[in-house]
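Here is how the chains run, residue by residue.
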Amino acid sequence: MYKNFAASALVATVAATAQTGSSANPGPFIGETWYSGLVDIDHEDNNADDIFYWWFESRNSPENDPIVLWLTGGPGCASEIALFYENGPYQFEEDGKTLKSNPYAWNANANLIYVDQPVGTGFSHANPAHLVTNEDEVGDNMAQFLIKFLELYPQLQGKDFFITGESYAGHYIPAISHNLAFKNKENLKANFKGMAIGNGLVDPYLQYPAYDTFAYENKLIGEVEKDILAGGFKACQAIIETGVWLAAMEFCQLNVEVILGNPIKPRFNVYDIREGCDKPPLCYDMSPADNLLAQDDILDILGVKGRSWEECNQVVHTALLGDWMLDLSPEVTDLLNADYDVLVYSGDKDFICNWRGGEAWTHEVEWNGKADFQANNYTNWNVNDKAAGSLKQNKNLKFLRVFEAGHMVPMNQPEAALQMLSELITPNGPLSEDL
């Protein structure tokens, strides 16, 4: 959740351009086999938008390994943020110009796809009339994208498929997963298995009151402030219940800003409370990616010549503000009851989508394993024989608190994040369930 502070999914003719990393001119993107391009999203008015993708073959066994889709949140933030700063195969050297290989990239044992969505995000194009305003549109557009994408790359057809992402993707992932599981299951030429939501906004009604709990536990506020804010967040919930969501968002955010101090330049990094926010609003210096993706030769290599890229698109963001308070846990309920894997993970140093909020909504999601999930205790989750997190689980629902990580878990704990993904996507792995 980054903040300053229906087309039917039908199999259609693929409209896409593709560029392969094994071509004569891969530019700086060497050492990997990759493909990028644009897939058209058709609308009833016969005007198409498009969605940009960049996918990397598995470093292990592209023929046998599953597909993992990554979605950055925002709304309106590009997935190249994660590609270069979290779990992608490339990272920037200290000079901010040279790329190096990421040893903990999520294509270690998966075919990894980054997508700029909703339309208008990153390198993707949107007619202003087609800006996405709700999660039904998100789900339909992404189902159309995936159906066409798999037509374009038949070598990926029939593989196990997982959707992952973070932040406002806590809205996207359940919506897209639900669409694929119950609306487009027969059209998708892949075996959808489950999803992983990292530090995500899923159920605002339950997550907003966690702000004062988390802030008090981490000494960001005192007891008096906590008591005052507890009343404020009860009022926040009451406004959410009215369904006047823009008003609810405005009021609820005012309570959050009490904790932050100056919302334009908060007194701590909202994505990692251990740090200051030197470069608001995202707090991190992402100018290396800005500079790289502004170069004409790079745009040509990626198949997006003439386009411009930005970290987060405020037009896309604004179009979805009426969607902010939507509760996506009912979609999660359906997926759990249909035996799809659901992993919810949270870095415990993140404020903006903190682990207490993640714990709250997963604890209350309605599904046939709810009582046992609530009754179960946390157990240590180990990486290299050391506790790297606390895991609570029952059947196909897992909630993982990742120690010493902020909002972007793969940035802060790359080895743990890769192990987490591997355990999820491996049949009979510790974080998967044999379906």
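Just so you know, these numbers come straight off a predicted model, no measurement behind them.

Considerations on the overall build of the protein chain
Looking only at helices and strands, one finds 15 helices and 13 strands in the protein chain. The C-alpha atoms of the protein chain give 20 Å as radius of gyration, which agrees with the globular expectation for 435 residues (22 Å, within 12%). Projected onto the principal axes, the alpha-carbon positions of the protein chain cover approximately 65 × 50 × 45 Å. Expressed as a percentage of the 435 residues in the protein chain, the buried residues total 58%. Surface summary for the protein chain: the accessible area is close to 16,300 Å², and the carbon and sulfur share equals 48%. Charge centroids of the protein chain, computed over 27 positive and 61 negative side chains, lie 5 Å from each other.

As for the packing of helix α5 (residues 210-217) against helix α6 (residues 223-242)
Describing two packed helices takes the angle between their axes plus the distance from one axis to the other. Between α5 and α6, the least distance of the axes is 9 Å, while the angle of their chain directions is 170°. One element, α5, and the other, α6, form an angle in the roughly antiparallel class. On α6, the residues that touch Tyr211, Asp212 and Tyr216 of α5 are Glu223, Lys226, Leu229, Ala230 and Phe233. Tallied by class, the residues present in the contact of α5 with α6 amount to five nonpolar, no polar and three charged.

Comments concerning the pairing of strand β4 (residues 67-71)
For β4, the buried fraction is high: five of the five residues fall into the buried class. Side chains of β4 alternate between two faces, with Ile67, Leu69 and Leu71 and Val68 and Trp70 buried alike.

Concerning the pattern of salt bridges
This model, assessed by the stated rule, comprises 13 salt bridges. Its salt-bridge partner being Glu32, residue Arg59 comes within 2.7 Å of it at the nearest N-O pair. In this pair, Arg59 sits in the loop between β3 (49-56) and β4 while Glu32 sits in the loop between β1 (16-20) and β2 (34-41), placing the two residues 27 residues apart along the sequence. Residue class for Arg59 comes out partly exposed when judged on its relative accessible area of 33%. The buried category is assigned to Glu32, whose relative accessible area is 11%. Residue Glu404 is joined to Arg274 by a salt bridge in which the shortest nitrogen-to-oxygen separation is 3.1 Å. Of this pair, Glu404 sits in the loop between β13 (397-402) and α14 (409-412) while Arg274 sits in the loop between α7 (245-260) and α8 (287-292), and the two are 130 residues apart along the sequence.

Focus: the nonpolar core
In terms of nonpolar packing, the biggest core is built from 141 residues, with Phe29, Phe84 and Phe351 touching the most fellow members. Apart from the residues lying within four places of it in its own chain, the contact partners of Phe29 are Trp34, Trp54, Phe84, Tyr90, Leu99, Leu292, Ile298, Ile301 and Leu302.

Overview of helix α2 (residues 135-152)
For α2, with 18 residues, the first-to-last C-alpha span of 25 Å sits near the 26 Å given by 1.5 Å per residue. Counted residue by residue, α2 has 14 buried out of 18 residues, so it is predominantly covered. One side-chain oxygen of the residue at the start of α2 lies 3.0 Å from the amide nitrogen of Asp136, identifying that residue as Asn134.

Focus on the side chain of Asp272
As for its position among the elements, Asp272 is in the loop between α7 and α8. Accessibility expressed as a relative area gives 0% for Asp272, which makes it buried. Sequence-distant contacts of Asp272, that is, excluding residues within four places in its chain, are made with Tyr284, Lys349, Gly406 and Asn412.

Concerning α5
Those residues of α5 that fall on the buried side of the exposure criterion are Ala210, Tyr211, Asp212, Phe214 and Ala215. Considering only its buried residues, α5 is in contact with α4 (204-207), α6, α7 and α12 (355-364). Lys219, located one to two residues past α5, shows a positive phi value of around 60°.

Section: the side chain of Asn109
Mapped onto the fold, Asn109 is located in the loop between β6 (99-101) and β7 (111-116). Given the relative accessible area of 19%, Asn109 is considered buried. There is a polar contact of 3.3 Å between the side chain of Asn109 and the side chain of Ser422. The residues touching Asn109, leaving out its near neighbours within four places in the chain, are Ser58, Asn60, Asp65, Pro66, Ser422 and Ile425.

As for empty space enclosed by the protein
Computed from the structure, the largest cavity encloses a volume of approximately 60 Å³. Within the lining of the largest cavity, the residues separate by chemical class into six nonpolar, four polar and no charged. Here the second largest cavity is characterised by a volume of approximately 30 Å³. The wall of the second largest cavity is formed by Ile67, Ile113, Leu146, Phe149, Leu150, Phe161, Leu188 and Ala190. Here the lining of the second largest cavity is composed, by residue class, of eight nonpolar, no polar and no charged.

Comments concerning the pairing of β3
A large share of β3 lies buried, amounting to eight of its eight residues. Judged by which residues are buried, β3 turns out to be covered on both faces: Asp49, Ile51, Tyr53 and Trp55 on one side and Asp50, Phe52, Trp54 and Phe56 on the other are all buried. With eight bridges connecting them, β2 and β3 associate as antiparallel partners. Within the sheet, the bridge partner assigned to Ile41 lies in β3 and is Asp49. Across five bridges, β3 lies against β7 in antiparallel orientation.

The rules behind each value
Residues numbered from 1 in each chain as written. Predicted model: local features only at pLDDT ≥ 70, side-chain atom pairs only at ≥ 80, totals over all residues. Heavy atoms only, no water. Helix = DSSP H or I, 4+ residues; strand = E, 2+ residues; numbered from the N terminus. Rg over C-alpha atoms; globule rule 2.2 N^0.38 Å. Buried < 20%, exposed > 50% of the residue type's maximum accessible area, 1.4 Å probe, protein only. Areas by Shrake-Rupley, 256 points an atom, 1.4 Å probe, with all protein chains shown as cover. Lys, Arg positive; Asp, Glu negative; His and termini not counted. Charge placed at Lys NZ, Arg CZ, Asp CG, Glu CD. Axes fitted to C-alpha atoms, helices over the stretch in contact; angles between N-to-C directions. Parallel < 35°, antiparallel > 145°, perpendicular 65-115°, else oblique. Contact = heavy atoms within 4.5 Å. Nonpolar A, V, L, I, M, F, W, Y, C, P; charged D, E, K, R; others polar. Salt bridge = Lys/Arg side-chain N within 4 Å of Asp/Glu carboxyl O. Core = buried A, V, L, I, M, F, W, Y, C linked by side-chain atoms within 4.5 Å. Expected span 1.5 Å × (residues − 1). Polar contact = N/O pair within 3.5 Å; in protein donor to acceptor, adjacent residues only side chain to side chain. 1 Å grid on protein atoms, 1.4 Å probe; cavity = no way out; pocket = protein on both sides within 12 Å on 5 of 7 lines; lining within 4 Å. Points joined across faces, edges and corners; volume = space filled by probe spheres on them. Pairing = 2+ DSSP bridges.

So far we have only geometry, and geometry alone does not tell us how the molecule works.
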